[in-house]
Amino acid sequence: MKKLIKNGRIVTSEKIIDGDILIEDGKIKRIGKIDVKVDEVADAKGKYILPGLVEVHGHLREPGFEQKEDVPHGTRAGIAGGFTCVIDMPNTKPPTTTVALLQDKIKKIYPGRSFIDYAFFMGVSKDHLKELEKVDKSDVVGIKVFTAGHETTPTTIPDDKTLAKVFEILGKRGIKIAVHAEDQFLINYYNEVFKKTGRTDAGLWSEIRPTSVVASAAARAIAMADIYGTELYLLHLSTPEEFALVAAAKNRGLKVYGELVGYQLMFNINDYKKYENKIKVCPALRTPEDQSKMWELVRNGGIDVICSEHTPHEWETKNQPDMWKAQAGTPGIQETLPALITGWVKRFGQETLDEGLMKIVRYTCENPAQIFNFKGKGGIKIGNDADLVLIDTKNYWEVKKSDLFSKCGWSAYEGMKLLGRPLMTFLRGELVYNDGKIIGEAKGKWINH
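Parameters and conventions
Residues numbered from 1 in each chain as written. Predicted model: local features only at pLDDT ≥ 70, side-chain atom pairs only at ≥ 80, totals over all residues. Heavy atoms only, no water. Helix = DSSP H or I, 4+ residues; strand = E, 2+ residues; numbered from the N terminus. Rg over C-alpha atoms; globule rule 2.2 N^0.38 Å. Buried < 20%, exposed > 50% of the residue type's maximum accessible area, 1.4 Å probe, protein only. Contact = heavy atoms within 4.5 Å. Areas by Shrake-Rupley, 256 points an atom, 1.4 Å probe, with all protein chains shown as cover. Lys, Arg positive; Asp, Glu negative; His and termini not counted. Charge placed at Lys NZ, Arg CZ, Asp CG, Glu CD. Pairing = 2+ DSSP bridges. Axes fitted to C-alpha atoms, helices over the stretch in contact; angles between N-to-C directions. Parallel < 35°, antiparallel > 145°, perpendicular 65-115°, else oblique. Nonpolar A, V, L, I, M, F, W, Y, C, P; charged D, E, K, R; others polar.

A. Structural view of the overall build of the chain. The secondary structure content of the chain amounts to 14 helices and 17 strands. What you see for the chain is a C-alpha radius of gyration of 21 Å, in line with the 22 Å of a compact globule of 449 residues. Based on the C-alpha atoms only, the size of the chain along its principal axes is roughly 70 × 50 × 45 Å. Counting the 449 residues in the chain, one finds 63% classified as buried. At a minimum sequence separation of 6, the contacts of the chain that also span at least 24 residues come to 73%. Entry remark: accessible area of the chain is about 17,000 Å², with carbon and sulfur atoms responsible for 49%. Here the chain carries 64 positive and 60 negative side-chain charges, and the mean point of each set is 2 Å from the other.

Listed below in structure tokens is the structure:
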């Protein structure tokens, strides 16, 4: 079947092309001005066409935390947000730290239930190190390690001896390691000090997990990657200091990548008064000055990936005043793309919209697909899957609960007016989302290597 999306502004990281996209058998066949007979036509006049985004950091919560999220709800939120791929995270219940539990996801939990394509991180714990020798490299994009924990992360590896063993095994096997890099020992110290104050306000969270907590852990992870030759993906970096460490590692020839989460660009410590624990995230939010520096890194190419780090929790655990009791994380897979576009325009001006869209495509699609070897994904080019998103950059979307597909049913972005809401999403050439509605059944496929 041949389909044509015509009259669009086609966005790549290098340029924006005014023209059409010919789709045949789910693949991009031609790009440019096209005049051929086709079976279906979609008119994108006045609209930008982006490649489908890759959510590198998706907590879809199955098994064990289905009260927070599940695969059907989370992936519907994904396509409504312009994401056509997701990498599933292992901090479920039980944590996905064995090959058997990974196979449950591959064979039972995801097939026929995901509305977008998917891949997997496996986790690791001290008592399951041997599983790292057993896992089939083609079944995972990497192994996720927590060097510090919070409410839903019981499998932390804070000590260097065990962590070094993990790096060594994965370095020898050629498997990428993804590290949630925080220093558990510093966290324990700050927790002890601040609990004595009796404070329970949301803003305390950023004080007990300051820059020293994340920068020291990132430096340790980079050092181990250097020693053992392990490819390192640093998750949700939140400070300019961490990105400076990544840049220095790259200059030494190391394969190290730094991820930034969209909410770090949208919220800072001044926002706790308004949003309270809805924006308690891990790592914590930073100062407006840090946020400005990270926006400059985005503009100047100083990061590798932007994701939503979709981390839904049930409303009852977030809508409370006590920081010590609220769980860390916030949903966002549906809101992140328009939030990024809105944030860019607000900071750099409407006249720079084209530049911003090209940067967003690089960080949310092209780079993730390249880093994680997603063949046939990663941008609008001939031969790739026709994973495409048409966005509205003329009208603002006021975020309402009634628009949201995530099972948790709430959003820190509620009430905001965001530019760039997806209007249509295509997965391998099929229209799966149109003007607020999901089209058809779950068509997501497993991306294995």
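Let's pick the thread back up.
B. Layout of the sheet that holds strand E10 (residues 177-180). One open sheet accounts for eight strands, arranged E6-E7-E8-E9-E10-E11-E12-E13; its pairing is parallel. Whereas interior strands pair on both sides, the edge strands pair on one side only; in this sheet they are strand E6 (53-58) and strand E13 (305-307). Going across the sheet, the axis of each strand differs from the next one's by a mean of 30 degrees, ignoring polarity. Taken together, the three bridges between strand E8 (residues 117-123) and strand E9 (residues 142-146) define a ladder with parallel strand orientation. Among the inter-strand pairings, Phe121 is bridged to a residue of E9, identified as Gly142.

C. Structural view of the pairing of strand E3 (residues 27-32). Where strand E2 (residues 16-24) and E3 come together, five bridges link them in antiparallel fashion. The residue bridging Glu24 from the neighbouring strand is Lys27, located in E3. Connecting E2 to the next strand, E3, in antiparallel fashion are two residues, including Asp25 with a positive phi near 55 degrees.

D. Examining the packing of helix H11 (residues 288-300) against helix H13 (residues 336-348) more closely. Look at H11 against H13: their axes get within 12 Å of each other, and the N-to-C directions meet at 100 degrees. Between H11 and H13, the angle is such that the two are roughly perpendicular. Contacts between H11 and H13 involve Gln291, Ser292, Trp295, Glu296, Val298 and Arg299 from the first element and Leu340, Gly343, Trp344, Arg347 and Phe348 from the second. Looking at the contact of H11 with H13 residue by residue, the class counts come to five nonpolar, three polar and three charged.

Nothing here speaks to function; it is geometry throughout.
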